[in-house]
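# Commentary on secondary and tertiary structure
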Amino acid sequence: MAAAEPKTPAGTAAARRLARSCWSAFWDYETPKVIVVKNRRLGIVYRTVQLLILLYFVWYVFIVQKSYQDRETGPESSVITKVKGITSSENKVWDVEEYVKPPEGGSVFSIITRIEVTPFQTLGTCAESMRVRNATCDSDEDCVAGQLDMLGNGLRTGRCVPYYHGSAKTCEVSAWCPVEDGASVSQFLGKMAPNFTILIKNSIHYPKFQFSKGNIENRKDGYLKHCTFHEVSDLYCPIFKLGYIVEQAGENFTQLAHAGGVIGVIINWDCDLDLSASKCNPKYSFRRLDPKHVPASSGYNFRFAKYYKVNGSTTRTLIKAYGIRIDVIVHGQAGKFSLIPTIINLATALTSIGVGSFLCDWILLTFMNKNKVYSHKKFDKVCTPGPSSGSWPVTLALVLGQGPPPPYPCSADPGQAGQPQGEGQSQAWAVPPPWPCPTSAPSEQMVDAPKRGAGPGLGASEPSQQDCALTDARGLAQL
């Protein structure tokens, strides 16, 4: 007697069934089913969503953003600057060689408007500045010889000496003496500075489109010698007065010249290369770049020294300069029609119109009073019949509606199938029993009326039709 086979555990069998059902569902094909719902409010929502999507793509995407163009950002650029003008302080006249740093004429330069001068500094020993931490003292014991403060002016000698003025004392240091705070003199250079002229020569190149242009008009009549910039009449005369730049940045010139600051000159080249080159023009804007409302980081100053010999010993004049730093910043983008971005954005627009259908389906199946009826009408499951030959070409032909007509009629009532033709044929059928037809056609019109769709075949409480309703080839072709 053969031993009984061990039974498969229930959990394993359930897992296998789940795996088989998932594998079978993976190969299912889904096709849309068209249902026309006669509901005015739902139709208004649907058309409104479509209209908004079309307006967005036509107006914003294609007209404003010009998404039909291939674009290039960040042009290759060169900037050359030149400052002209003279000014005076209490003791001397200053020309451009003295108040412009650095003198090379690059895209970043400074115009000195105020200086604090410490003249005749020589190497020696003197009192440390009182601004240095722990520099004040009462006796030599408060000063440590050889101590070096990185924020100070020199190496401490260990002595406590009187300060330059007043009765205070500070530690003595070995440094360039006198130190800056002890003998500096302030001079203001900003009296004539608003009238300084700044020439900004800029040329750009977009390598993708092989397009180049500059901001100076090509004229031979000495135009640049007597013009100044005007946004309308002299756009291609890039000669700006310093006072105009500060004014356009929204700053007070006197305050800015006293404490210093950073002003940005922004040149924007936004070019539509589908138009002529004359339509590609620079746009200038000006703004302050340093945070003026933050005392710790506002303002602008730097130090430099001028060295010379006096009686054979090296002497220098230390200058702490406050000024207006100009940063010339160039950016822009160019666009030209291209077929690829046009096709991509058109396809995106056409696809996005489907959002209206998705939204209305969600409303239809979630919030409408007859949502179960709509769901019953919308979703059908259809299986293709397996022919006796078991050949997949025959099945495919049936699905595509190319197969022969069915050998028997399709009956809408499975209960009537199989009735004998007459007496004496109780065991024989006139035709084989037909497969039941689907209860709803693939394309229907639904009217949202109070009494329609509430028949016995569409009740919400009635169980849905068969999961797998086999149809003839012509019916499948209509799907």
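Every value quoted in this text rests on a predicted model; they were computed, and no experiment measured them. (Residues numbered from 1 in each chain as written. Predicted model: local features only at pLDDT ≥ 70, side-chain atom pairs only at ≥ 80, totals over all residues. Heavy atoms only, no water.)

In the numbering used here, UniProt assigns the "transmembrane region" (unreviewed entry) feature to residues 44–62 and 346–368. Taken end to end, residues 44–62 is 100% helix and 0% strand, and its first and last C-alpha atoms sit 26 Å apart. Here residues 346–368 is 87% helix and 0% strand, with 33 Å between the C-alpha atoms at its ends. (UniProt positions renumbered as here; feature names shortened; annotations may be inferred. Helix = DSSP H or I, 4+ residues; strand = E, 2+ residues; numbered from the N terminus.)

Summed over the entire model, instances satisfying the criterion amount to 18 aromatic pairs. Seen from their ring centres, Phe26 and Trp27 are 4.9 Å apart, and the 85° between their planes marks the pair as edge-to-face. Each of the two residues, Phe26 as well as Trp27, counts as exposed. Relative to Tyr284, the ring of Phe229 has its centre 5.0 Å away and its plane inclined at 70°; by these criteria the two rings are edge-to-face. Remark: Tyr284 occurs in strand β15 (residues 282–288) and Phe229 occurs in the loop between β12 (211–214) and β13 (239–241); sequence separation between them is 55 residues. Grouping residues by exposure puts Phe229 and Tyr284 together as buried. Through a chain of ring-to-ring contacts, three or more aromatic side chains come together here, namely Phe229, Phe240, Tyr244, Tyr284 and Phe286. (Phe/Tyr/Trp six-rings, centres within 6.5 Å; stacked < 30°, edge-to-face > 60°. Buried < 20%, exposed > 50% of the residue type's maximum accessible area, 1.4 Å probe, protein only.)

A few words now on the nonpolar core. Within the largest apolar cluster, 49 residues are counted, with the highest numbers of intra-cluster contacts made by Tyr99 and Leu242. Apart from residues no more than four positions distant in its own chain, Leu242 is found in contact with Ile111, Ala193, Pro194, Phe196, Ile198, Phe253, Ile324 and Ile326. Ile53, Phe57, Ala349 and Ile353 belong to the second-largest nonpolar core, a separate cluster that totals seven residues. (Core = buried A, V, L, I, M, F, W, Y, C linked by side-chain atoms within 4.5 Å. Contact = heavy atoms within 4.5 Å.)

Here we take up the pattern of salt bridges. Counting across every chain of the model gives eleven salt bridges. Of the charged contacts, one joins Asp70 and Lys208 as a salt bridge, the two residues approaching to 3.6 Å between their closest N and O atoms. You can see Asp70 sitting in strand β2 (residues 69–73) and its partner Lys208 sitting in the loop between β11 (197–206) and β12, a full 138 residues away along the chain. Judged by its relative accessible area of 46%, Lys208 falls in the partly exposed class. (Salt bridge = Lys/Arg side-chain N within 4 Å of Asp/Glu carboxyl O.)

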